[in-house]
Amino acid sequence: MDAQVHELDALVVGAGFGGIYMLHKLRNEQGLDAVAIDKAGGVGGTWYWNKYPGALSDSESFVYQYSFDRDLYTDTPWKTKFVRQPEILEYLNGVVDRYELRDHIQLETGMVSAEFDESAGMWTVRTDRDVTYRSRFLVTGLGLLSATNLPKFPGMESFEGSLVHTGAWPEDLDVTGKRIGVIGNGSTGNQVITATAPIVGHLTSFQRTAQYSVPAGNRVLTEQEQQAIKDNFEANWDQVRNSGLAMGFVESTLEMGTVSDAERERIFEEAWNEGGGFCFMFKTFGDIATSEEANEEAAKFIRNKIAQIVTDPETARKLTPTDLYARRPLCDSGYYETFNRPNVSLVNVKENPITKVVDKGIVTADGTLHELDVLICATGFDAVDGNYVRTDIRGRNGQTLKEHWSDGPTSYLGVATSGFPNMFMILGPNGPFTNLPPSIETQVEWISDAIAHVLADGKEWIDVKPDVEHEWTETCIDIANQTLFPKSPSSWIFGANIPGKKRAVMFYLGGLKEYRTIGGAEAAAGYQSFATKADALTPVS
Ligand code: FAD
Ligand code: NA7
């Protein structure tokens, strides 16, 4: 049977923070015939999928939300410094209902392919359901930490217990009293290990690279703090939009070399006690991410803390990182302390690799069988472009996005890529590296304005010029190379965590303020970095 074909002004793919706000802008503000689809069984994106115990934001709650509607902000009931996954999911469901979007979101509907018909100026999007969309605009909010990375160990299919990825956590999985193994100790592994250790029978952490982590310092905010957050709405969001990381604090410009050793340690100690990974890395000093000497001092401080916290010297040795402190900074709710528990053990898989998975658990090179009821892969994501290259997206002249990105994913401003007219990405490659809701809002508003511009001008489509995309890519590379982040061996920020994936710069590290200035100037100048259908039809003389 042929699929039903729905004609639309705009199709939004993804119903996370990005897709939800996009749908609101297009339907409720512009009055367009717009629909969103998501392959998930509910809205919420990241916060629908990542239901593992301990899932918590590491952006502070007062900036990990939308700011476009002051009433929504005032009504948000969060009372803790960081916010737990169930609360974020409830919030996003509330947003969908508040703006009457639910009837316009088609769940359990995955985009399988998208093809641009150049003569008609329309996208045809096929789904894994009995429905096809033909839409003038295609806005993708596929998520940058959404396509899961499941490692392949020999024998994995023979495991008789539950094998789960944290990014697709089954709601009914109860680990209480069970023997669990956790592969991975990034932000997610750190959270799931710390949250489950007190309730499981035994926990084995299979760690490849030790990580630097500082306390989150999560706590209930006082009544006065909660009131101040609401009262200072304008000032806070003004600060966020005019900062680099959009994290809600003023980033330090203090160079570490200008203070005494005692002052440096005092600043670190204060940050350790206050909590927060981004605060520790960026609120203390301005050069931890750019100067190897400053970076080493911060790393040394955390290494000393690990030595003080972890009682068994051999466990402490395994938990102590020796490389640069140059990944997305982690924070925790007692991660290192967890390894003092009698029911927790640590395997360093660089020293003692996983050789195979068998029916009863994991076998390591030393011949030990680690018996497990549940094997948790906290092994991260095929970040940024993962969901894009897993879908057959074809632009002008039938070129696929995968072909266009064969040397690594590129874009202009993280929102548009050349050869894919009227397709706009939310958090596409080389968008800002920040606390994400403010960047999402910036991009959604920019895309919304661009769509309005195309409609108002009677243009059929716009398509970013290749040289502009190239220049933006070079800008992103130049900025990244001024930091220590590219020196980190397996960070998802550069696509270096996926076997076989080409390493590439995938973020604009120039900060939200600068990003907003550049995007704003582009719009004010009438989108001159974009060609139109008329340009494409005009022969080059
Ligand atoms: P997502 O929320 O990832 O939504 C994308 C949606 O697209 C998904 O629902 C997916 O099902 C859908 N989709 C993908 N492909 C298809 C397809 N082909 N067809 C149909 N649907 C599709 N960011 C921060 O700034 N601060 C934090 O503290 C923070 N904590 C995080 C913690 C975890 C555990 C994770 C995984 C991420 C965290 N992030 C954090 C990043 C987080 O992803 C963003 O903050 C934000 O939620 C992204 O929203 P989004 O709408 O762009 O994408
Ligand atoms: P990350 O930060 O990519 O961490 C993944 C972890 O999984 C990390 O410890 C990896 O070790 C480990 N890993 C991945 N593959 C393997 C294999 N094959 N064997 C052993 N260990 C492996 O993902 P997260 O989900 O923790 O966090 C991603 C972001 O989501 C985070 O920044 C937040 O923004 C939310 P490695 O360090 O590569 O040696």
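Everything quoted here is computed from the prediction, not taken from an experiment. Within each chain, residue numbers correspond to sequence positions counted from 1 in written order. Chains and ligands are labelled by the order in which they are written, letters from A for the one and numbers from 1 for the other. A pLDDT threshold of at least 70 governs which residues receive local features in this predicted model, and a stricter bar of 80 or more applies before side-chain atom pairs are shown or counted, although totals over entire chains, interfaces and linings include all residues. In computing side-chain properties, one takes all heavy atoms of the structure into account and sets aside hydrogens as well as water.

**Points about the site of ligand 2**
Using the following cut-off: The rule for a residue being near a molecule or strand is that one of its heavy atoms must lie within 4 Å of it. Identification of polar contacts relies on pairs of N or O atoms within 3.5 Å, with a donor-acceptor requirement for protein atoms, meaning one able to donate a hydrogen and the other able to accept it, and with residues adjacent in sequence counted only if both atoms are side-chain atoms. Here the accessible surface of atoms and residues is derived via Shrake-Rupley with a 1.4 Å probe, and residues count as covered only by protein chains that are part of the display.
Within the structure, ligand 2 sits among 20 residues, and Asn185, Thr188, Arg208, Thr209 and Ser490 are positioned closest to it. For ligand 2, an oxygen atom lies 2.7 Å from a polar atom in the side chain of Thr188. A distance of 2.8 Å is found between an oxygen atom of ligand 2 and a side-chain nitrogen or oxygen belonging to Arg208. Protein burial of ligand 2: of its 780 Å² of free accessible surface, 88% is covered by the chains.

**What to know about the sheet that holds strand β16 (residues 374-377)**
Put simply, the test is: By definition, two strands form a pair when at least two bridges between them are found by DSSP. Here a strand is any run of E in DSSP of at least two residues, a helix any run of H or I of at least four, and the numbering for each starts at the N terminus. Angles here are taken between N-to-C directions and fall from 0 to 180 degrees, while the axes themselves are lines fitted to C-alpha atoms, restricted in helices to the stretch in contact.
As summarised here, the arrangement of the five strands in space is β7-β16-β8-β9-β12, forming an open sheet in which the pairing is parallel. Both outer strands of the open sheet, β7 (162-165) and β12 (344-348), are each paired with one neighbouring strand and no more. Averaged over all neighbouring strand pairs, the angle between strand axes comes to 20°, with direction disregarded. Sheet analysis places strand β9 (residues 202-207) next to β12, joined by five bridges and oriented parallel. If you follow Leu203 over to β12, its bridge partner there is Val344.

**Notes on the site of ligand 1**
Around ligand 1 there are 34 residues in total, and Asp38, Thr46, Asp58, Ser59 and Tyr64 lie nearest to it. Between ligand 1 and the protein, one listed contact pairs an oxygen atom with a backbone N or O atom of Gly18 at 2.8 Å. One nitrogen or oxygen atom from the side chain of Asp38 is found 2.7 Å from an oxygen atom belonging to ligand 1. Within the complex, the protein chains bury 97% of what would otherwise be the 990 Å² of accessible surface of ligand 1. For the shell around ligand 1, the secondary structure elements donating two or more residues are α1 (17-29), α2 (46-49) and α15 (436-456).

**Brief notes about the environment of Glu234**
How we decide: Each residue is placed in one exposure class: buried if its accessible area under a 1.4 Å probe, protein chains only, is under 20% of its type's maximum, exposed if it is over 50%, and partly exposed if it falls in between.
Summarising the element assignment, Glu234 is placed in helix α7 (residues 233-241). Look at Glu234 and you get partly exposed, because its relative accessible area is 48%. The sequence separation of Glu234 and Arg70 amounts to 164 residues, and the corresponding C-alpha distance is 9.0 Å.

**Details of the side chain of Asn422**
Test applied: In what follows, residue pairs with any heavy atoms lying within 4.5 Å of each other are defined as contacts.
Mapped onto the elements, Asn422 comes out in the loop between α14 (401-404) and β18 (423-425). Overall, the relative accessible area of 0% leaves Asn422 in the buried class. Of the polar contacts made by the side chain of Asn422, one reaches the backbone oxygen of Arg136; its length is 3.4 Å. If we ignore the near neighbours within four places in the chain, the residues touching Asn422 are Trp123, Arg136, Phe137, Leu138, Val454, Glu460, Trp461 and Ile462.

**A word on the packing of aromatic side chains**
Keep this limit in mind: Between 30 and 60 degrees the pair is tilted, below 30 it is stacked and above 60 it is edge-to-face, where a pair is any two Phe, Tyr or Trp rings, Trp via its six-membered ring, whose centres lie within 6.5 Å.
Within the structure shown, the criterion is met by 37 aromatic pairs. Ring geometry for Phe116 versus Trp461: centroids 6.0 Å apart, planes at 80°, classification edge-to-face. Here Phe116, found in strand β4 (residues 111-117), pairs with Trp461, found in the loop between α15 and β20 (462-464); they are 345 residues apart in sequence, far enough to count as distant. Phe116 gets classed as buried once you look at its relative accessible area, which sits at 7%. The class of Trp461 is buried, set by a relative accessible area of 1%. An angle of 70° between the planes, with centres 5.4 Å apart, marks the rings of Phe268 and Phe285 as edge-to-face.

**Thoughts on helix α10 (residues 292-309)**
Rule in force here: Expected span of a helix: the number of residues minus one, times 1.5 Å.
Along its 18 residues, α10 runs 25 Å from first to last C-alpha, staying within 8% of the 26 Å computed at 1.5 Å per residue. Inspection of α10 places Ala294, Asn295, Glu297, Ala298, Ala299, Phe301, Ile302, Arg303, Lys305, Ile306 and Ile309 among the buried residues, and these make up the whole buried set. Check the buried side of α10 and you find it contacts β10 (213-215), α8 (261-274), α9 (277-283), α11 (313-319) and α12 (335-338).

**Let's talk about the packing of α8 against α10**
Our working rule: Each angle is binned into one of four classes, with values under 35 degrees roughly parallel, values over 145 roughly antiparallel, values of 65 to 115 roughly perpendicular, and all other values oblique. Crossing handedness: left-handed means the near helix sits turned counterclockwise from the far one by under a right angle, and right-handed means the same turn made clockwise.
The N-to-C vectors of α8 and α10 enclose an angle of 60°; their axes lie 11 Å apart at closest approach. Looking at the two axes, α8 sits oblique to α10. Once α8 is placed against α10, the crossing between them reads as right-handed. Facing α8, whose interface residues are Arg264, Glu265, Phe268, Glu269 and Trp272, α10 presents Glu297, Ala298, Phe301, Ile302, Lys305 and Ile309.

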